[in-house]
Amino acid sequence: MDSLGGLLLRMSVLLYGSCGVLALLPGITEPEFIRRCVLAHNTQRSRIAPPAASARSMSWDNELAKGARDRARHCKASHHPGLAHFGHPLFGWMGENIWLGSPFSAFSVENAIHRWSKEGAYSLRNNNCSRLCGHYAQLMWSTSFKMGCAVNVCSKGIENFSSHPESTIFVCNYGDTGHVHGVTPYIAGVACSGCGSEICRDNVCRYDWFPGWDYGPPSSAYSISHWLANLGLCLLGVCWLLHFYATH
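Scoring rules and cut-offs
Residues numbered from 1 in each chain as written. Predicted model: local features only at pLDDT ≥ 70, side-chain atom pairs only at ≥ 80, totals over all residues. Heavy atoms only, no water. Helix = DSSP H or I, 4+ residues; strand = E, 2+ residues; numbered from the N terminus. Expected span 1.5 Å × (residues − 1). Buried < 20%, exposed > 50% of the residue type's maximum accessible area, 1.4 Å probe, protein only. Arc of directions from axis to C-beta. Contact = heavy atoms within 4.5 Å. Polar contact = N/O pair within 3.5 Å; in protein donor to acceptor, adjacent residues only side chain to side chain. Disulfide = S-S within 2.5 Å. Pairing = 2+ DSSP bridges. Axes fitted to C-alpha atoms, helices over the stretch in contact; angles between N-to-C directions. Core = buried A, V, L, I, M, F, W, Y, C linked by side-chain atoms within 4.5 Å. Phe/Tyr/Trp six-rings, centres within 6.5 Å; stacked < 30°, edge-to-face > 60°.

With an unreviewed UniProt entry as reference, the protein chain is termed SCP domain-containing protein, source organism Onychostoma macrolepis.

Given below as structure tokens:
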């Protein structure tokens with residue numbers, strides 16, 4: 001979170017308390033939140049060492065984001081017990097990463113995902129790490145190409161984590177699932193050497209595929225034009241009402 005964002009957050013907390021924090025939470029359809037989540041994931045995947053021969057780029061999936069939002073609203077410091085039963089139209093099993101912290105000002109999309117990337121000192125040669133590193137394995141899982149995230153502030157705290165009134169949980173769901181026992185997250189090699197017909201961009205195989213049920217997130221330009229269109233309709237309605245009362 002940049003300095004301006006942090007300042008606005010602190011002011012809102014002072015003026016409005018927890019309601020002010022909740023008002024600042026980005027929704028799963030907010031274009032800037034989507035952009036930051038996708039960019040942070042792909043940035044970490046592009047910097048992996050040793051390089052991955054065929055790691056795919058990630059793009060947003062609305063259904064995965066809905067699942068992440070549902071889990072974040074439960075305010076539990078544990079993974080969803082039924083990741084295989086979300087009813088996703090493509091993925092049977094889904095992966096999940098969770099970041100926890102407090103207060104909300106400690107959270108940013110970039111810091112949370114960077115923390116997953118530094119988890120456990122993973123060794124690709126031995127396929128293990130000094131500590132638990134499931135978040136790292138999922139973040140770097142080469143065949144995962146879809147993701148969706150959500151953040152929530154739990155005013156009553158997060159179960160098995162903290163009772164702080166600004167306890168924050170950030171959840172990302174992935175397809176396909178990563179961290180399969182006994183399988184390395186990726187195959188090391190010259191970056192993009194295994195991309196085949198896919199385009200190489202920033203050391204990952206660009207895979208901008210959107211299924212029929214999900215045509216991708218709306219762009220910022222779309223959001224602005226949609227807002228302007230609604231504003232125009234509102235102004236037209238106001239003008240009609242003024243004309244109606246002036247002539248009756």
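Caption draft 1: Spotlight on helix H4 (residues 62-73). In this model H4 runs 17 Å from its N-terminal to its C-terminal C-alpha over 12 residues, within 8% of the 16 Å that 1.5 Å per residue would give. Within H4 the residues assigned to the buried category are Leu64, Ala65, Gly67, Ala68, Arg71 and Ala72. In a view along the axis of H4, the buried residues occupy a sector of 160°, so they form one face of it. Among the structural elements, strand S1 (59-60), strand S2 (95-101), strand S3 (146-154) and strand S4 (167-175) are those in contact with the buried residues of H4. You can read the cap of H4 off the contacts: a side-chain oxygen lies 3.0 Å from the backbone nitrogen of Glu63, and it is on Asp61. Trailing H4 by a residue or two, Cys75 shows a phi angle of about 55°, which is positive.

Caption draft 2: Fine view of the environment of Pro185. Relative to the assigned elements, Pro185 resides in the loop between S4 and strand S5 (200-201). Assessed through its relative accessible area of 3%, Pro185 is described here as buried. In this structure, the C-alpha to C-alpha distance between Pro185 and Leu124, residues 61 residues apart in sequence, is 8.1 Å.

Caption draft 3: Representation of the state of the cysteines within the structure. Inspection of the entire model under this criterion finds 5 disulfides. Shown here is the disulfide that connects Cys192 with Cys200, its sulfur atoms set 2.1 Å apart. Measuring the twist about the S-S bond at about 70°, one finds the Cys192-Cys200 disulfide to be right-handed. Each sulfur in the disulfide pair Cys195 and Cys205 lies 2.0 Å from the other. Taking the sign of the torsion about the S-S bond as the criterion, the disulfide between Cys195 and Cys205, at about -90°, is left-handed. Remark: Cys205 occurs in strand S6 (residues 204-205) and Cys195 occurs in the loop between S4 and S5; sequence separation between them is 10 residues.

Caption draft 4: Just helix H5 (residues 109-117), in detail. Within the sequence span of H5, burial applies to Val109, Ala112, Ile113, Trp116 and Ser117. One side of H5 carries all its buried residues, which in axial view fall inside an arc of 145°.

Caption draft 5: Broad picture of the sheet that holds S2. Reading across the sheet, the 4 strands line up as S1-S3-S4-S2 and stay open at both edges, with mixed pairing between neighbours. Two strands lie at the open edges of the sheet, namely S1 and S2, each paired on one side alone. Relative to S4, S3 runs antiparallel, the two being bridged by 9 bridges. Bridge pairing in S4 places Cys154 opposite Ser167. Packing of H4 onto the sheet brings it into contact with S1, S2, S3 and S4, and relative to S3 it is tilted by some 25°.

Caption draft 6: Representation of the nonpolar core in the model. Counting residues in each nonpolar core, the largest one holds 45 residues, and the members touching the most others are Trp60 and Phe170. Every element with two or more residues in this core is listed here: helix H3 (31-46), H4, S2, H5, helix H6 (134-139), S3 and S4. The greatest single-element share of this core, amounting to 6 residues, is contributed by S3. Counting residues in hydrophobic clusters, the runner-up holds 5 residues, among them Leu64, Phe91, Phe145 and Tyr207.

Caption draft 7: A look at the packing of aromatic side chains. A complete count under the given rule lists 8 aromatic pairs for this structure. Centre to centre, the rings of Phe91 and Phe145 are 5.7 Å apart; their planes meet at 65°, and the pair counts as edge-to-face. Highlighted residues: Phe91 in the loop between H4 and S2 and Phe145 in the loop between H6 and S3, separated in sequence by 54 residues. For the pair shown, Phe91 and Phe145 are each scored as buried. Centroid distance Tyr122 to Tyr136: 5.3 Å. Interplanar angle 35°. Geometry classified as tilted. Here Tyr122, found in the loop between H5 and H6, pairs with Tyr136, found in helix H6; they are 14 residues apart in sequence, far enough to count as distant. Like Tyr122, the residue Tyr136 is buried in the burial classification.

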